[in-house]
Each structure stands twice: as structure tokens, then as C-alpha cells.
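Take a look at the letters that make up each chain.
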Amino acid sequence: MTPLLVAQIGLTLFVFVMLLNSAAVMVYVERKVAAFLQQRLGPYRVGWQGVLQPLADIVKLMFKEELRPKAADAFLFALAPIIAATCAFAAFAVVPFGAETTFGGWLPEGLRLQVADVNVAILVVFAVASMSVYGIVLAGWSSNSKYSLLGGLRSSAQMISYELSYGLALAGVLIIGNSLSLTDIVNRQAGTWLGFIPKWFVFLQPIGFLIYMTAGIAETNRAPFDFPEAEQELVAGYHTEYSSMSFAMFFLAEYVNMVTVSAVATDLFLGGWHGPFLPESLGWIWFLVKVGAILFFYVWMRWTLPRYRYDQLMRFGWKVLLPVAVINLLVTAAGVLYFEL
Amino acid sequence: MLSAYVPIAIFIVVATGFALFTLVVSGLLHSEKYNKVKLEPYECGIEPTTDARDRYSIRYYLVAMLFVIFDVETVFMFPWAVIFDKLLLFGLIEMLVFIFILVVGYYYAWQKGALEWA
């Protein structure tokens, strides 16, 4: 066992635990921010200012009875939450979150702060994002409940519709980044223009960033696109029949997906770990700040905007977002040609 | 080359293991007292009438088919985008031709009402 291998394994487990933690933190932040926006207190009883609320929720869910409708497909019903959780975690494996580091000379060579350094990272993210539809569709179908089925169908139609724009927004970054590796793309965003504007791709791809964020919100089924779980019409959508820890798995998956979408957005558009004032070895602080800002924006959106109507959602996805994404791609290509970037 | 993917596999195994572990532990902890009504699908308290797997709107199939066409297009654009700095003008013109053919199909689908929902 070389120190590098030990460090790599340690890093893998660390990232996993941190993702779990981030989901717990997001549960708390979501409730606190919601309360703040609605001039309420939010959870404040469990621990200081209610910070232990997620833990209390987990303990409660652990002891809850697990129900499965008699007519449900037992195998698929059990499989669906596992697929949802696994896909959510898998996508984060290729996301880099800091520059190469030796931990102050402790390691003989630099360790990349990333679970897997794959040269086609963006393709992996895109592929895993498609896979996560399965968890939701299987959950909806196997429950044998009308609400679940409708929720699952809606969700799958929504996710595949917005995946097109999501992919096209990524392609725009590829044209100026010239690489499928997230690490390379982040490193291309180092430095500044004119000494004060950071060379982030968001300034070269403003439309692409907006498309990515919109499609990302639709992909993670968050408000204003939270149709799969539109309470007023579908009770709880695809997870209506789920209870106890299997229910928790879907929520875990949703929050981890949010974190992944934000982290990828940070790497692609906001310069990843590059930022002023801090040395490169502490870049992960910048990364956390940027991801946190996007996540806050997500929560803010959810508690501010009303939900779309379903036909509006499909029309927007197919008739507005998709053409705009294609045009953005072509304009980017023409721009690269003209300005010889 | 392939060894770069090993950490992803480990990560997936850890995630699956975690999911299974928590589900099993929870299964050991909670009580189970079932009865007929509890095991019925939720339908706002009314007795379920028909099977849930009924016929549903054809639009979902249409969306799925359109998705396959346009998703292949997107994936096709990825390698083009990565080496665009080498293809330059030739690459742009080629992609314009490719997208023109797709736009014809897109226009047809639009006119046929395949993108309408209602």
C-alpha cells in the first residue's frame, strides 16, 4: 500500500461521507431558508437552532413501518430507491473539487481532489444523469398506485425532455474548453481578463449557463418544475407508496443530485476552485462557496416561484429551450471561429 | 487507461452497499403490523376501484421517441465540439448541414402537433 493509494481510498470514503452530510445539511438549510422567507422560525428545538433536526428525522424514519401495497411488484419496488440513491452518488465520482495537493508534502506526488480522474468526465455525468430516470420510473410503475404511475410518467417525460437542452448546454462549454475532462476545463478558467474579470466560462457562455441551470432544476425535479411530486394534484408522485428508509433514499437522491448539478455548474461555468485571495491549495474553499451559493439559489427559487403547468413545462422545454440551446451552440462555434479563441 | 474507472466502480459499490445496509438495518428496527387496508394503494381513502396500470396518454410515447432522435444528435455533437478548434470553418458548415436536416424533422414534428400537450 503506497501512501498515494491510501490517500486515494481515504479521499473516496471522505467524498462519500461528505455527500451524505451535504444532503443532511441541505435538509436543514431548506427548512431554515423556507422559514426565513416566510417569516417563521423553522426547526429550532433539536439541538442549537435545530441543527440536529436532520438526525432526528433519520432516526424517526428508521423506526417507521415499511409498507408495500399488496399488488406492487416486490422486487422492482425494493430496487427503485437503491437505483435512485446509487445513481445520485455515482455522478459525483468524476467531479473535481480542488487543485492537486500533496497535503503539505506528506504525499510523494500530488493527489487530485477527485474520486476518479476520467478523461471523459462530462460524458459520465451525462450518462449517469440519464440513468437516474430509471429509479423514478420503476418506483412509479412498481407501486401499482395511480398517483405513483402518473408521477413516474410525468417525471420521466420531463427529465428526458430537459436532458436535451442540458446536453446541448454542455456542448457549448466543450467548444471553448476543448476537452471532455472537467479538470482540464477548470484549469482553462484560471487567470483573469484585464486583471480583474475572472476567466470564467459563464462570461463566454451566459446563455449556456442559464440553459444549464434551468435544465438542471428540471432534471432534479425541483420547483418550479417539481411536477413528479406536485402535492396538490399527485399526493407525492412516484414515492406516494414509499415509507420509512426507502422514502428517505429518494430524498437523499434528490439532495445529492442537487449538489452534483451545482458542483458541475461550478466546474463548467464558475471556474471551479479558481478564485482570488486564496492560494491554489486552498481552492476547495472557493469551490464550496460557489456550490453553496448555487444551492442557496435553488432553495430560494423553490420558495419564491409558483409551479408551472405541465403543458407549459413541455412547451417551454421543446419549443423554447431546445431551439435556444441549438442556436447558442452555433453562435458559440461561430464566435470561436471569428475571434479565434 | 481503464484503471481510471476503478474508483467510480468502488464508489458505486459503496453507495449501493450503504443503501442496502440502511434499508436492512431499518428493516430490523421497525415494527410490522400489517392489515388488509394498510396494504392497499393510497387513493384518498376511497377503496381502489381498478388496477393502476391502466392505459395512459400516447403523448408520453411520442416524447420518448422524439427524445431518442434528439439525444443521439446531442451525443453526436460532443466529439464535434471537443475538436472544433481543429475543424474550424469546415466543421461549422458541416454542423450547419446536419442541424438543417434535423430542423426539417423538428419543424415537421411541430406542425404535426407532436410538441403540443393537451
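The numbering scheme is per chain: residues are counted from 1 as the chain's sequence reads. All chains are assigned letters beginning at A, and all ligands numbers beginning at 1, according to the order in which they are written. In keeping with the predicted nature of the model, local features appear solely for residues at pLDDT of at least 70, side-chain atom pairs appear and are counted solely at 80 or more, and the whole-chain, interface and lining totals rest on all residues. The side-chain quantities take in all heavy atoms of the structure and omit both hydrogens and water.

Trainee: What exactly am I supposed to notice about the nonpolar core here?
Mentor: The tendency in soluble globular proteins is for nonpolar side chains to be buried as a group. Counting 140 residues, the largest nonpolar core has A:Ile122, A:Tyr212, A:Leu268 and A:Trp318 as its most contacted members. Segmentation of the chain into domains, including their bounds, is taken from an automatic or database domain assignment. No fewer than three residues from each of domain 1 (1–30) and domain 2 (58–111) of chain B sit in this core. The set of buried Ala, Val, Leu, Ile, Met, Phe, Trp, Tyr and Cys residues whose side-chain atoms join them within 4.5 Å is what this entry labels a nonpolar core. Type-normalised accessible area, obtained with a 1.4 Å probe on protein chains alone, sets the label of each residue: buried when under 20%, exposed when over 50%, and partly exposed for intermediate values.

Trainee: How should I be thinking about the interface of chain B and chain A in this particular structure?
Mentor: Often, the extent of an interface is quoted as the loss of accessible area upon association of its parts. Opposite the 64 residues of chain B that make contact, chain A presents 79 residues. At the boundary of chain B with chain A, total buried surface from both sides reaches about 6,400 Å², with 76% on carbon and sulfur atoms. The term salt bridge refers to a pairing of a side-chain nitrogen on Lys or Arg with a carboxyl oxygen on Asp or Glu at a separation within 4 Å. Joining chain B to chain A, the criterion identifies zero salt bridges. Think of a polar contact as two N or O atoms within 3.5 Å of one another; within protein, one of them needs to be a possible hydrogen donor and the other a possible acceptor, and neighboring residues in sequence only count if both atoms come from side chains. At the boundary of chain B and chain A, one finds six residue pairs in polar contact (both at pLDDT 80 or more). Mapped by element, the contributors of at least two residues to the side of chain B that touches chain A are α1 (6–29), α2 (59–82) and α3 (84–111) of chain B. Classification convention: Asp, Glu, Lys, Arg as charged; Ala, Val, Leu, Ile, Met, Phe, Trp, Tyr, Cys, Pro as nonpolar; all other residues, Gly among them, as polar. Residues of the side of chain B that touches chain A, tallied by class, amount to 45 nonpolar, eight polar and eleven charged. In what follows, a contact means two residues having at least one pair of non-hydrogen atoms within 4.5 Å. By buried area we mean the combined loss of accessible area, with a 1.4 Å probe, across both parts when two parts are placed together. A run of H or I in DSSP counts as a helix once it spans at least four residues, and a run of E counts as a strand once it spans at least two, with each numbered from the N terminus.

Trainee: I'm lost on the domain arrangement of chain B in this one. Help?
Mentor: Taken domain by domain, chain B holds domain 1 (1–30) and domain 2 (58–111). Relative to domain 2 of chain B, the C-alpha centre of domain 1 of chain B lies at a distance of 37 Å.

Trainee: Any chance you could explain the confidence of the model for chain A here in plain terms?
Mentor: The predicted structure's coordinates, where accompanied by low pLDDT, should not be read in detail. The predicted model of chain A has a mean per-residue pLDDT of 83, with 96% of residues at 70 or higher. Scored from 0 to 100, pLDDT records how confident the predictor is in each individual residue. Predicted confidence in chain A is weakest over helix α8 (residues 231–234) of chain A, with a mean pLDDT of 72, and strongest over helix α7 (residues 206–219) of chain A, with 89.

Trainee: Please clarify how the packing of aromatic side chains should be interpreted in this entry.
Mentor: Each aromatic ring pair is described using two quantities: the centre-to-centre distance and the angle formed by the ring planes. Residue and element names in this part refer to chain A. Aromatic pairing here means that ring centres of Phe, Tyr or Trp (its six-membered ring) are within 6.5 Å. Orientation follows from the plane angle: under 30 degrees is stacked, over 60 is edge-to-face, and everything else is tilted. Evaluation of the coordinates by the stated rule reveals 25 aromatic pairs over all chains. Arranged with centres 5.1 Å apart and planes meeting at 45°, the rings of Phe-247 and Phe-251 form a pair that is tilted. Taken together, the residues Phe-247 and Phe-251, both in helix α9 (residues 244–269) and four residues apart, mark about one turn of the helix. For Phe-247, a relative accessible area of 25% corresponds to the partly exposed category. Accessibility expressed as a relative area gives 27% for Phe-251, which makes it partly exposed.

Trainee: Got a minute to help me understand the environment of A:Val115 in this structure?
Mentor: Mapped onto the elements of the fold, A:Val115 is located in the loop between β2 (111–113) and α4 (121–142). For A:Val115, a relative accessible area of 3% gives the class buried. Separated by 19 residues in sequence, A:Val115 and A:Pro96 have C-alpha atoms that sit 7.5 Å apart. Residues in contact with A:Val115, not counting those within four places in the same chain, are A:Gln8, A:Thr12, A:Val15, A:Ala93, B:Pro7 and B:Phe11.

Trainee: Mind showing me how you'd approach the side chain of A:Thr12 here?
Mentor: Tracing the sequence through the fold places A:Thr12 in helix α1 (residues 3–37). Judged by its relative accessible area of 7%, A:Thr12 is buried. Each residue touching A:Thr12, except ones within four places of it in the same chain, is listed here: A:Val115 and B:Phe11.

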